[in-house]
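# Secondary and tertiary structure notes
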Amino acid sequence: MSDRRAPLRHLPVMTYEQMLETVRYEGAYPTRERAEEAVRLVLAGLGRQLTGDERVDLAARLPFEAARILTAQIPDPRPLTGWAFVKDLAARTGAPVGPARWDTGSVLAAVAVLAGPDLLTRILRRLPSGYALLFGRAELTAAA
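Before going into details, it helps to say that this report is about the structure given with it. (Residues numbered from 1 in each chain as written. Predicted model: local features only at pLDDT ≥ 70, side-chain atom pairs only at ≥ 80, totals over all residues. Heavy atoms only, no water.)

Attention now goes to the nonpolar core. By size, the foremost hydrophobic cluster in this structure holds 43 residues, and its most contacted members are M19, L43, L58, L62, V111 and F135. Those elements that place two or more of their residues in this core are helix 1 (16-27), helix 2 (32-49), helix 3 (52-61), helix 4 (64-71), helix 5 (82-93) and helix 6 (97-126). The element that contributes the greatest number of residues to this core is helix 6, accounting for 12 residues. Excluding anything up to four places from it in sequence, L58 contacts L46, L50, L70, V111, A115, L119 and I123. (Core = buried A, V, L, I, M, F, W, Y, C linked by side-chain atoms within 4.5 Å. Buried < 20%, exposed > 50% of the residue type's maximum accessible area, 1.4 Å probe, protein only. Helix = DSSP H or I, 4+ residues; strand = E, 2+ residues; numbered from the N terminus. Contact = heavy atoms within 4.5 Å.)

Bringing the packing of helix 2 against helix 6 into the picture now. Each pair of packed helices can be described by the angle between their axes along with the distance between the axes. Two elements in contact, helix 2 and helix 6, have axes separated by 9 Å at closest approach and are oriented at 80°. Here helix 2 lies roughly perpendicular to helix 6, going by the angle between them. Contacts between helix 2 and helix 6 pair R34, A38, V39, L41, V42, L43 and L46 from the former with D103, T104, V107, L108 and V111 from the latter. A breakdown of the residues in the contact of helix 2 with helix 6 according to their chemical character gives 9 nonpolar, 1 polar and 2 charged. (Axes fitted to C-alpha atoms, helices over the stretch in contact; angles between N-to-C directions. Parallel < 35°, antiparallel > 145°, perpendicular 65-115°, else oblique. Nonpolar A, V, L, I, M, F, W, Y, C, P; charged D, E, K, R; others polar.)

A word on the environment of A66. Tracing the sequence through the fold places A66 in helix 4. With a relative accessible area of 0%, A66 lands in the buried category. For the pair A66 and L43, spaced 23 residues apart in sequence, the C-alpha separation works out to 7.2 Å. Excluding residues within four positions of it along the chain, A66 makes contact with Y16, M19 and L43.

See below:
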């Protein structure tokens, strides 16, 4: 039996360096530094959107350095839709929306692997519409 009040142990399945290499490979970035820029940008953005147990549980599954980026952000009281999230990242960097979307998908694909399917489902339920595709999942909606 587990006590939900007990602090979570930090047990990521990959190191920060492995996460950066995964993002570098998936995003076809020319350097590790460029992959790290994308990781920092997207995780900080996600940290402004995600709240509750899902935020805590995701941080526990990320490498320590990535978890610090995520949790250093103050969640926005009015979360953005997936498309608005990408546009916000583009505006913060002065980059076009296309590269911001590429960065987002490259990083969130690695985050999805670290989160696992159950936690990712919980995260997607907490976030507004439009995030499933960013994490590499189909966005399913209920029939009207």
